[in-house]
Number of protein chains: 2
Amino acid sequence: MQPNRSVSGDMEYRKIKDEDNIEDGVGGDIGTSRGVSPSTVASFSGGAIDRLQWKRKTIVTLALTILTSSQAILIVWSKRAGKYDYSVTTANFMVETLKCALSLAALARIWKKQGVTEDNRLSTTFDEVKVYPIPAALYLVKNLLQYYIFAYVNAPGYQILKNLNIISTGVLYRIILKKQLSEIQWAAFILLCAGCTTAQLNPTSDRVLQTPFQGWMMAIVMALLSGFAGVYTEVNFKAEFAPQSFGAAAHAIIKKRPSRNINVQNFWLYVFGMIFNAMAILVQDFDAVVNKGFFHGYTLITTLMILNHALSGIAVSMVMKYADNIVKVYSTSVAMLLTAVVSVFLFDFHLSLAFFLGSTVVSVSVYLHSAGKLQR
Amino acid sequence: MQPNRSVSGDMEYRKIKDEDNIEDGVGGDIGTSRGVSPSTVASFSGGAIDRLQWKRKTIVTLALTILTSSQAILIVWSKRAGKYDYSVTTANFMVETLKCALSLAALARIWKKQGVTEDNRLSTTFDEVKVYPIPAALYLVKNLLQYYIFAYVNAPGYQILKNLNIISTGVLYRIILKKQLSEIQWAAFILLCAGCTTAQLNPTSDRVLQTPFQGWMMAIVMALLSGFAGVYTEVNFKAEFAPQSFGAAAHAIIKKRPSRNINVQNFWLYVFGMIFNAMAILVQDFDAVVNKGFFHGYTLITTLMILNHALSGIAVSMVMKYADNIVKVYSTSVAMLLTAVVSVFLFDFHLSLAFFLGSTVVSVSVYLHSAGKLQR
């Protein structure tokens, strides 16, 4: 069988998926002001808030897992009818616009309740927003590299190399956030990477071992860029973690206005997302949009996909807020396995022995991650 | 690549290998009397003996790992020149005879030092020896089943199903010896099984999933028989573990004469091994032996293989004595990986991505087994 990451291994999907990583949430009525973020509260309170936090963490993690796995299924579904008829860049633009609108809606609620204050007003300065495009820029560089790496590896090989992201996230998480993982949790993280790769093995996978040195270097740089952007986003959500070691940019974004409302920050992040995607439309799909219209080829499934991506973006931001990058990586890995299992029923997939073995290893890894935590 | 278990996946090898499991050691001058077995001493002494025990455990485990991996290489080597020219049953018989001789040599040393006593004299009664053939009989049943299982699975599929032995050893170890593994160690054991199977994956492995119900049942029964024989042998070596729950037979063998010298017990076990293999010669290779002679087709490599198998038998018995079945399973699993790596240099093997992933999982499993122990 082909786990869905390979199934949906086309460039467009990757691009739309990677851009999820720069999402921030719109919080709604949960933890709307950074000053009283749940983790800050938990640090000086008892079991009740710990339980509440655990419950929130579980719910947002489950939501992200379900959204991510249905994402891949929607993509397989939309491909079933043939190829994509719409411009993927316009879909990405719509996702950013939708999230921007959701941020504004959340802000409107807050304005109604608390009134417009210095912390939640929308207007901003160049000094405040100049660091926001950093994650978006990191992903842009990564997406550019993506075009070049195919000179060295084929598409299924690239899917396998993408599992390096798991390792890079762990390493950067350790270096930048200075949060210690226990030895058992490190072992679990290595297993997660090995298990995900095993689940994706197919008869042609061995070719990836013939990847030339340049290909490996590019794959490692791409994994680092992606991991760095993820950790950067987490820092963005958790002012309490911002360590001195984390470059000047992150410092600037957090230290300057620690009490600034997160929805305002999200709003500006999404505005940059819209700008980046508008540029992508101009470069890639200008002719198609001019000749056939912006929404050409949109179907019900396209609309569902855009909705799903926007909600996933919110879920990612909540996981970053209530949990961390490590949980996010686990969540998306489990989602990959879930998609393959669901695909057996929906698309008559066949699961390989490698998939069962990989899933077993990933399951043990999930167990070890939580078992390792208890011992600290 | 083909890790050597598959390479040496022919029936003859399996048979010669399985019979290793009923080996008991000849102890030599180490812990010659059950009454003062090292583990008994350690229970009421300090760090020095703990360290000595740890050192012994490490040395015998390394010896078993090296002997097991060179075993498979010798087999590949002997096959390089073509097919086997000798009768495998006569080789098995020679292995038993050699071990019998080594037991006698160890006994002779003891007789010289301590004189012949009630505990170390060779003569025995029917009551004492009647339970000795049990492990041999278990393996005989298993070897018979082996001929029938090929109606349901092919040879590479059988190699994959053999990894069920790892799980059965763990489960029986838990049930019969009542020795607790920590949760982390259980997780490690599941990983060992998944990792070994992953390392052996090849493009045709998926066929094993189509194994019919009868095939699965037979594989499970075979794994249980093999696991039971292994645990039985361990009980045989460790009087202090013999629990009430372990059937009457094991009771009989241990409780009756707890001070009986282990080399006497081994001697009789090997005599039964010789009898069983003599019967196998009559059934399988009678014509060849009568027409071409007992030692037809023996080469230097055949002789080395017999020597290696006899020494492996001794190493297994020492691992059973100073360590346990779990360590033995780890040792043979690591040996399988070692052989594949050595084969890259010797036979120009190519290692697959699955092999690297499986090896990673096995390595993490080995780490977790010892990390899990520390936390108890």
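None of these values were measured; they are calculated from a predicted model.

**Here we look at the overall build of chain A**
Along its length, chain A carries 17 helices and zero strands. At a minimum sequence separation of 6, the contacts of chain A that also span at least 24 residues come to 87%. Counting only carbon and sulfur atoms, one obtains 68% of the accessible surface of chain A, whose full area is about 15900 Å².

**A look at the relation of the copies chain A and chain B**
At an RMSD of 0.1 Å, chain A and chain B line up after a rotation of 180 degrees and a shift of 0.1 Å along the axis. Such a combination of rotation and displacement between the chain copies is what one expects of a two-fold axis. Across chain A, the smallest distance between a C-alpha and the rotation axis is recorded for P203 of chain A, namely 2.7 Å. Residue by residue, 100% of the interface of chain A is reproduced at the interface of chain B, so both copies engage with the same surface.

**Structural notes on the UniProt feature "transmembrane region" (unreviewed entry) in chain A**
Residues and elements named next belong to chain A. Using the residue numbers shown here, the UniProt feature "transmembrane region" (unreviewed entry) corresponds to residues 59-78, 90-111, 213-232, 267-283, 295-317, 329-347 and 353-370. Helix makes up 78% of residues 295-317 and strand 0%, and the two end C-alpha atoms of the span are 28 Å apart. For residues 353-370, the end-to-end C-alpha separation is 26 Å, with 100% helix and 0% strand making up the annotated structure.

**A word on the pattern of salt bridges**
Side-chain pairs of opposite charge can arise whenever the charged atoms involved come near each other. All names here are of chain A. All chains considered together, the criterion is met by two salt bridges over all chains. Its salt-bridge partner being E96, residue K99 comes within 3.3 Å of it at the nearest N-O pair. One end of the pair is K99 and the other is E96, both in helix 5 (residues 88-114) and three residues apart, which spans about a single turn. An identical accessibility class is assigned to K99 and E96; each is buried.

**With respect to the interface of chain A and chain B**
At the junction of the two partners, chain A supplies 27 residues and chain B supplies 27 residues. Counting every contact that joins chain A to chain B gives zero salt bridges. Sorting the residues of the side of chain A that touches chain B by element identifies helix 10 (183-199) and helix 17 (353-374) of chain A as the ones contributing at least two each. Per-element accounting of the side of chain A that touches chain B gives the leading share, ten residues, to helix 17 of chain A.

**A short note on the side chain of T302 of chain B**
Residue and element names in this part refer to chain B. Mapping T302 onto the fold places it in helix 15 (residues 300-322). T302 sits in the buried class, given a relative accessible area of 4%. Side-chain polar atoms of T302 contact the backbone nitrogen of T299, separated by 2.9 Å. Contacts of T302, omitting those with residues within four sequence positions, involve Y86 and G297.

What counts as what
Starting afresh in each chain, residues are numbered from 1 along the sequence in its written order. Each chain takes a letter, starting from A, and each ligand takes a number, starting from 1, following the order in which they are written. This being a predicted model, a pLDDT of at least 70 is required before a residue's local features are given, and a value of 80 or more before pairs of side-chain atoms are given or counted; all residues contribute to the totals for chains, interfaces and linings. Side-chain metrics in this entry use all non-hydrogen atoms of the structure; hydrogen atoms and water are not considered. Numbering goes from the N terminus for both helices and strands, where a helix is a DSSP run of H or I of at least four residues and a strand is a run of E of at least two. Residue contacts follow a heavy-atom distance rule, with two residues in contact if any of their heavy atoms lie within 4.5 Å. Method for areas: the Shrake-Rupley scheme with a 1.4 Å probe, in which residue coverage is limited to the protein chains shown. Only residues with pLDDT of at least 70 in both copies count here: their C-alpha atoms drive the least-squares fit that superposes the copies. UniProt positions are given in the numbering used here, feature names are shortened, and annotations may be inferred rather than shown by experiment. Here, a salt bridge means any Lys or Arg side-chain nitrogen found within 4 Å of an Asp or Glu carboxyl oxygen. Using a 1.4 Å probe on the protein chains alone, a residue whose accessible area is under 20% of its type maximum counts as buried, one over 50% counts as exposed, and one in between counts as partly exposed. As used in this structure description, the phrase polar contact means that two N or O atoms lie within 3.5 Å; if the pair is within protein, one of them must be able to donate a hydrogen and the other to accept it, and residues adjacent in sequence are counted only when both atoms belong to side chains.

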